[in-house]
Amino acid sequence: YRFFGEPVVEACVENGASCIDICGEPQFLEGMYLKYNEKAAEKGVYVIGSCGFDSIPADMGVLYTRDKLKGTLTAVESFLKVKSGPEGSCAHDGTWKSAVYGLADQDNLKKLRKKIGYAPVPVVGAKLKSRGLVFYNREFKEYSIRFVGSDGSVVKRSQCYLHTELQETPVQYGAYVNIGGLGSVIKLMFAGILFLLLVKFSFGRKLLTKYPEFFSAGFFTKKGPTQQQMNGTSFTMTFFGEGYSEGQDPQSGKPNVKICTEVKGPEPGYIATPIAMVQAAVSLLEDAACLPKRGGVYSPGAAFSKTKLIDRLNNRGVEFSVISKPEV
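Just so it is clear, the model here is predicted, and its values are computed rather than measured.

## Quick word on the side chain of S78
Examined against the element boundaries, S78 turns out to sit in strand β3 (residues 71–83). Taking relative accessible area as the criterion, S78 reaches 1% and is therefore assigned buried. A distance of 2.6 Å separates polar atoms of two side chains, one belonging to S78 and the other to Y173. Excluding residues within four positions of it along the chain, S78 makes contact with Y173, G174, A175, Y176, M237, T238 and F239.

Structure, rendered in structure tokens:
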């Protein structure tokens, strides 16, 4: 999207057509907001990014968790687990390239956010503690790492919109990935250090994009997954939320209710993503009365919070469910 996405957005806005994408690149998503939000609003069109596996499960999953808690949800952590079959799993190197160029451009992302000047979102309830880069997760009995994709920034944008425009209580959010045992941690740390060293230099980025299979230990390839690999792969995103029961002031005392929800579905990149994208498009067309009142550039949670998107996804194999609601 960094290199090829803007002409599509520009053409849509100029010609009065709404558009959605499956982008997972914060620089592109937020750059389009800065450049086209007002123009899209004038034309009455909706430009909605991240309508694929990045980041429909995360963004809509937080809203689903909020709606299922009896009380006020103030913080959520999500843990993604991708399971593969006997054939293993892999992804196309387009996603790898997005990560290479995105991490290399972190400084420009900070400048971009300063230009946008997002309204500060207040912390309601107990402050959500950030976990370490790698940590042992007792709930799942395996190691987890921070998710470095766009989910965190997309959810934050949605919460910012819902708070400033609709006066809803903002939810703090942390995104993580479950990676397995100690062997997986060692492999990932070695690959991660090498990646971060190479991505800083032009020749390093050339090496990374030329030989994705080598540097990603076979996970990213120029061919992408086989049909057998896709058939054997699935994902689960588990959400642990905490908040305050009805009638209790979220600004005083500790959270006193918890909730655990889940979004699960088929192979994320090539089966779940098209499902999410198509159902987002259907919601855009059929739930028009439930969209934000004015056009603009939106994240999925901001655009679809009042629509039937979650119901549509549930009917198509990307399932949202409540796992438990224990009192603390």
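## Details of the sheet that holds strand β2 (residues 46–48)
Taken together, the 3 strands give an open sheet; going across it, the order is β1-β2-β11, and neighbouring strands pair in parallel fashion. With one partner strand each, in any of the chains shown, β1 (19–20) and β11 (296–298) form the two edges of the open sheet. Of the strand pairs in this sheet, β2 and β11 are connected by 3 bridges, and their pairing is parallel. Bridge assignment links V47 to a residue of β11, and that residue is V297. In the packing of helix α2 (residues 26–43) onto the sheet, contacts are made with β2 and β11, and the angle to β11 comes to roughly 145°.

## Side note on helix α8 (residues 202–210)
Within an α-helix, residues lying three or four positions from one another point in the same direction, as the helix has 3.6 residues per turn. For α8, the set of buried residues is G204, L208 and T209. One side of α8 holds all its buried residues, which, seen down the axis, span an arc of 125°. Opposite the buried face of α8, at more than 90 degrees from it, the exposed residues are F203, K206 and K210. Next to the buried residues of α8 lie α4 (93–104), α7 (182–198) and α9 (212–215).

## A word on the UniProt feature "transmembrane region" (unreviewed entry) in the chain
The residues that UniProt annotates with the feature "transmembrane region" (unreviewed entry) are residues 173–199. Segment residues 173–199 splits into 63% helix and 30% strand. End C-alpha atoms: 27 Å apart.

## Re the side chain of R66
Secondary-structure assignment places R66 in helix α3 (residues 56–68). Here E168 takes part through its side chain, which lies 2.5 Å from a polar atom of the side chain of R66. Excluding residues that lie within four positions of it along the chain, R66 makes contacts with L73, L162 and E168.

## As for helix α5 (residues 106–116)
By the burial criterion, the buried members of α5 are L109, L112 and I116. End-on view of α5: buried residues confined to an arc of 60°, all on one side of the axis. Every exposed residue of α5 that faces more than 90 degrees away from the buried side is listed here: D107, K110, K111, K114 and K115. Where the residues of α5 are buried, they touch α2. Just past α5, the residue G117 takes up positive phi, approximately 65°.

About the thresholds
Residues numbered from 1 in each chain as written. Predicted model: local features only at pLDDT ≥ 70, side-chain atom pairs only at ≥ 80, totals over all residues. Heavy atoms only, no water. Helix = DSSP H or I, 4+ residues; strand = E, 2+ residues; numbered from the N terminus. Buried < 20%, exposed > 50% of the residue type's maximum accessible area, 1.4 Å probe, protein only. Polar contact = N/O pair within 3.5 Å; in protein donor to acceptor, adjacent residues only side chain to side chain. Contact = heavy atoms within 4.5 Å. Pairing = 2+ DSSP bridges. Axes fitted to C-alpha atoms, helices over the stretch in contact; angles between N-to-C directions. Arc of directions from axis to C-beta. UniProt positions renumbered as here; feature names shortened; annotations may be inferred.

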